[in-house]
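# Chain and residue survey
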Amino acid sequence: MNIITRIKLSFMMFLEFFIWGAWFVTLGTFLSQNLNADGLETANVFSTQSWGAIIAPFIIGLIADKYFNAERILGILHLVGAVLMFQMYSATHVGVFYPYVLTYMILYMPTLALVNSVSFRQMSNPEKEFSTIRVWGTIGWIVAGLTISYVFKWDTGEGMLQNTFLMAAVASLVLGLFSFWLPKTPPVKKATVEKRSLSEILGLDAIKLLNNKNFLVFFVSSILICIPLAFYYQNANLFLTEIGLTNPTGKMTIGQLSEAFFLLLLPVFFSRFGFKNTIMLGMLAWAIRYLLFAYGDAGELAYMLIVGIALHGICYDFFFVSGQIYTDAKAGEKHKSSAQGLITLATYGVGQLIGFWVAGFASEYYKVNHTSDPFWQNVWLVPAGIAAVVLFLFAVFFKDEKARTAL
């Protein structure tokens with residue numbers, strides 16, 4: 001890969017995740033402060049990510065893989081996304097906001113696969129080259145958070161988070177136009193006339209893997225652990241803002257730095273402690289994180305909140321990335337793509353869809369049913385308890401093994 005191509009792909013990846021981080025992290029706070037949305041309305045908005053994840057395989061598998069260059073579809077989706085972002089910026093009520101965010105997420109989620117496709121097609125050795133490109137996506141997310149907190153200070157002024165959508169719209173416009181300058185990535189011509197079935201596109205061809213007890217336990221655990229994950233996405237920024245932590249969006253980028261760090265440590269843990277212990281550590285980190293959130297504060301106990309944010313690397317990498325590795329090993333050559341599609345559909349689709357609604361119901365329940373304990377303490381103890389139960393069930397029912405090809 002020449003240096004010009006490397007720069008193009010790095011800039012593409014930077015903008016891809018800058019756009020997402022520019023508005024999604026502060027979305028819960030924006031909905032509460034700017035649009036006066038309640039917990040269930042907020043859950044409805046966040047659920048658009050899950051609907052986007054469910055629909056994305058149709059766009060990629062039925063359209064992008066067959067008829068059009070990946071970079072052109074990427075450009076078109078981001079240009080339309082810029083228009084939708086501007087409409088979200090202009091919305092004054094959650095009822096007006098919702099159709100735009102739903103359409104946007106249906107169009108944005110496929111771009112996550114498209115940027116990978118464009119990148120992989122330019123690489124002769126993806127195992128060594130992709131991480132150096134993908135890390136610019138993490139950098140983009142971090143820069144977005146730091147910009148919101150420390151450059152424009154939008155999360156310190158009432159109502160100013162509206163501007164995050166305008167920033168995302170501009171970045172989406174830039175990436176949309178830049179995409180047409182990316183290396184040409186036409187559909188791959190198949191050596192045979194065999195067509196991919198709808199079940200293969202959605203990952204349903206790998207459903208037979210569920211006949212394996214261990215994989216079934218992992219599959220169900222993956223769905224359930226997405227409930228605590230949804231609590232973090234939906235509530236963390238609003239929580240940190242309401243309790244008075246300064247520059248909350250900027251401080252949340254500690255989670256992305258942690259994610260990059262623990263990703264480097266993951267192979268060490270995986271080889272030394274095995275899949276079961278590694279993934280259980282990830283589950284345990286979820287429970288500990290929410291206990292820290294439940295009992296920390298913005299004063300003397302602020303360090304508990306920072307540690308909770310920093311645990312994001314263990315929470316995400318040790319469960320989700322380990323799970324992807326395990327799934328790849330269990331699936332075998334024939335079902336690798338389908339198996340990853342099935343896990344993605346189960347987690348980002350079904351699991352988080354359930355999780356966002358559970359988070360919404362929990363928020364509304366404790367707003368109506370007051371207790372002697374603080375509101376946010378009650379809310380965070382819910383995902384802490386769920387993570388602990390999932391950890392227990394996984395420890396009991398998953399039989400320790402080496403990740404190996406099976407079935």
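The following refers to the structure shown. Every chain is numbered on its own, with residues counted from 1 as its sequence reads. For this predicted model, a pLDDT threshold of at least 70 governs which residues receive local features, and a threshold of 80 or more governs which side-chain atom pairs are given and counted, while totals over whole chains, interfaces and linings are taken from all residues. Just so you know, side-chain values use all the structure's heavy atoms and leave hydrogens and water out.

## Notes on the pattern of salt bridges
Note the cut-off: Throughout this description, the term salt bridge denotes a Lys or Arg side-chain nitrogen within 4 Å of a carboxyl oxygen of Asp or Glu. For every residue, the accessible area obtained with a 1.4 Å probe (protein chains only) is divided by the maximum for its type, and the residue is called buried under 20%, exposed over 50%, and partly exposed between those limits.
Inspection of the entire model under this criterion finds two salt bridges. A salt bridge links Arg-72 to Glu-71; the shortest N-O distance between them is 3.9 Å. Among the residues examined, Arg-72 registers a relative accessible area of 42% and is labelled partly exposed.

## Examining the nonpolar core
Rules: Grouping buried Ala, Val, Leu, Ile, Met, Phe, Trp, Tyr and Cys residues that are joined through side-chain atoms within 4.5 Å yields what is termed a nonpolar core. Under the scheme used here, helices are H or I runs from DSSP no shorter than 4 residues and strands are E runs no shorter than 2 residues, and both carry numbers assigned from the N terminus.
Residues Met-12, Trp-23, Leu-27 and Phe-97 are the most contacted members of the largest nonpolar core, which totals 126 residues. Top element by residues in this core is helix 9 (residues 213–242). It accounts for 17 residues.

## A word on the packing of helix 9 against helix 11 (residues 254–295)
What counts is decided by this rule: An axis is simply a line fitted to the C-alpha atoms; with a helix, the fit covers only the stretch in contact. Between two such axes, the angle follows the N-to-C directions and lies from 0 to 180 degrees. For this classification, under 35 degrees means roughly parallel, over 145 means roughly antiparallel, 65 to 115 means roughly perpendicular, and everything else is oblique. Should the near helix be turned anticlockwise from the far one by less than a right angle, the crossing is termed left-handed; should it be turned clockwise, right-handed. Two residues qualify as a contact provided that any one of their heavy atoms is within 4.5 Å of a heavy atom in the partner residue. As a working rule, the residues Ala, Val, Leu, Ile, Met, Phe, Trp, Tyr, Cys and Pro are called nonpolar, Asp, Glu, Lys and Arg charged, and the rest polar, with Gly in that last group.
At a minimum axis distance of 11 Å, the contact between helix 9 and helix 11 shows a crossing angle of 30°. One finds that helix 9 runs roughly parallel with respect to helix 11. The two elements helix 9 and helix 11 cross, and the hand of that crossing is left-handed. Along the contact surface, helix 9 presents Phe-218, Ser-221, Ile-225, Pro-228, Leu-229, Phe-231, Tyr-232 and Phe-239, while helix 11 presents Phe-275, Ile-279, Met-283, Trp-286, Arg-289, Tyr-290 and Phe-293. Tallied by class, the residues present in the contact of helix 9 with helix 11 amount to 13 nonpolar, one polar and one charged.

## Structural notes on empty space enclosed by the protein
By rolling a water-sized probe across the atoms, one finds the places where empty space is left. Convention followed: The pocket and cavity definitions rest on a 1 Å grid over protein atoms only: a 1.4 Å probe that fits but cannot leave marks a cavity, an open set with protein on both sides within 12 Å along at least five of seven lines marks a pocket, and residues lining either have an atom within 4 Å of a point. Grid points are joined across faces, edges and corners, and a volume is the space filled by probe spheres set on the points.
Under the criterion given, the structure shown has one cavity of 30 Å³ or more. Space inside the largest cavity adds up to approximately 30 Å³. Lining the largest cavity, in full, are Leu-77, His-78, Gly-81, Tyr-104, Leu-107, Tyr-108, Thr-111 and Ser-172. Those elements giving two or more residues to the lining of the largest cavity turn out to be helix 4 (70–90) and helix 5 (94–120). In terms of residue count, helix 5 provides more of the lining of the largest cavity than any other element does, four residues in total.

## Things to note about the environment of Glu-16
Its location among the elements puts Glu-16 in helix 1 (residues 3–23). Look at Glu-16 and you get buried, because its relative accessible area is 0%. Measuring from C-alpha to C-alpha, the distance between Glu-16 and Thr-111 comes to 8.1 Å, with 95 residues separating the pair along the chain. Beyond its immediate sequence surroundings of up to four residues, Glu-16 is in contact with Leu-74, His-78, Tyr-108, Thr-111, Leu-112, Val-115 and Leu-175.

## Some thoughts on the packing of aromatic side chains
We apply this condition: Side-chain rings of Phe, Tyr and Trp (the six-membered ring for Trp) are treated as a pair once their centres are within 6.5 Å; stacked means planes under 30 degrees apart, edge-to-face means over 60, and tilted covers the remaining angles.
Evaluated as defined, the whole model comprises 50 aromatic pairs. A centroid spacing of 5.8 Å and a plane angle of 85° characterise the contact between Trp-23 and Tyr-104, whose relative ring orientation is edge-to-face. Placement of the pair is Trp-23 in helix 1 and Tyr-104 in helix 5, with a sequence separation of 81 residues. Judged by relative accessible area, Trp-23 falls into the buried class, the value being 1%. Owing to a relative accessible area of 2%, Tyr-104 belongs among the buried residues under this scheme.

## With respect to the packing of helix 1 against helix 7 (residues 163–179)
With their axes 9 Å apart at the nearest point, helix 1 and helix 7 run at an angle of 155° to one another. Considering the angle they form, helix 1 stands roughly antiparallel to helix 7. Crossing handedness for the pair helix 1 and helix 7: left-handed. Residues Lys-8, Phe-11, Met-12, Leu-15, Glu-16, Phe-18, Ile-19, Ala-22 and Trp-23 of helix 1 lie in contact with helix 7, whose contacting residues are Thr-164, Phe-165, Met-167, Ala-168, Ala-171, Ser-172, Val-174, Leu-175 and Phe-178. Looking at side-chain class alone, the contact of helix 1 with helix 7 contains 14 nonpolar, two polar and two charged residues.

## So, the side chain of Arg-289
The line we're drawing: Residues counted as positive are Lys and Arg, residues counted as negative are Asp and Glu, and His and the chain ends are not counted.
Positionally, Arg-289 belongs in helix 11. Buried within the structure, Arg-289 lacks any salt-bridge partner; its nearest side chain of opposite charge belongs to Glu-259, at an N-O separation of 8.7 Å. Discounting chain neighbours no more than four positions away, the residues touching Arg-289 are Tyr-232, Gly-308, Ile-309, Leu-311, His-312 and Cys-315.

## Let's talk about helix 13 (residues 312–331)
Each α-helix winds once per 3.6 residues, and so residues spaced three or four apart point in a common direction. Put simply, the rule reads: Any helix carries an expected span of 1.5 Å times its number of residues minus one.
The end-to-end C-alpha distance of helix 13, which contains 20 residues, comes to 27 Å, matching closely the 28 Å that a straight helix rising 1.5 Å per residue would cover. Burial within helix 13 is extensive, with 17 of its 20 residues counted as buried.

## Notes on a nonpolar patch on the surface
The test is simple: Two joining distances apply to patches: 9 Å for like charges and 5 Å for nonpolar side chains (Val, Leu, Ile, Met, Phe, Trp, Tyr), and every residue must have over 30% relative accessible area and no salt bridge. Surface accessibility follows the Shrake-Rupley procedure with a 1.4 Å probe radius. Residue values consider only the protein chains on display as shielding.
A cluster of nonpolar side chains, contributed by Phe-11, Phe-86, Leu-166, Val-170 and Val-174, occupies part of the molecular surface with about 390 Å² of accessible area. Sorting elements by how many residues they give to the nonpolar patch places helix 7 first, with three residues. Assignment of secondary structure puts Phe-11 in helix 1.

## A few points about unusual backbone geometry
With a phi close to 55°, Asn-36 is a non-glycine residue in the positive phi region. Looking at the element boundaries, Asn-36 is found in the loop between helix 2 (27–33) and helix 3 (39–64). With phi around 55°, Lys-153 is a residue other than glycine that occupies positive phi space. When you line up the elements, Lys-153 lands in the loop between helix 6 (126–151) and helix 7. For Lys-153, a relative accessible area of 42% corresponds to the partly exposed category.

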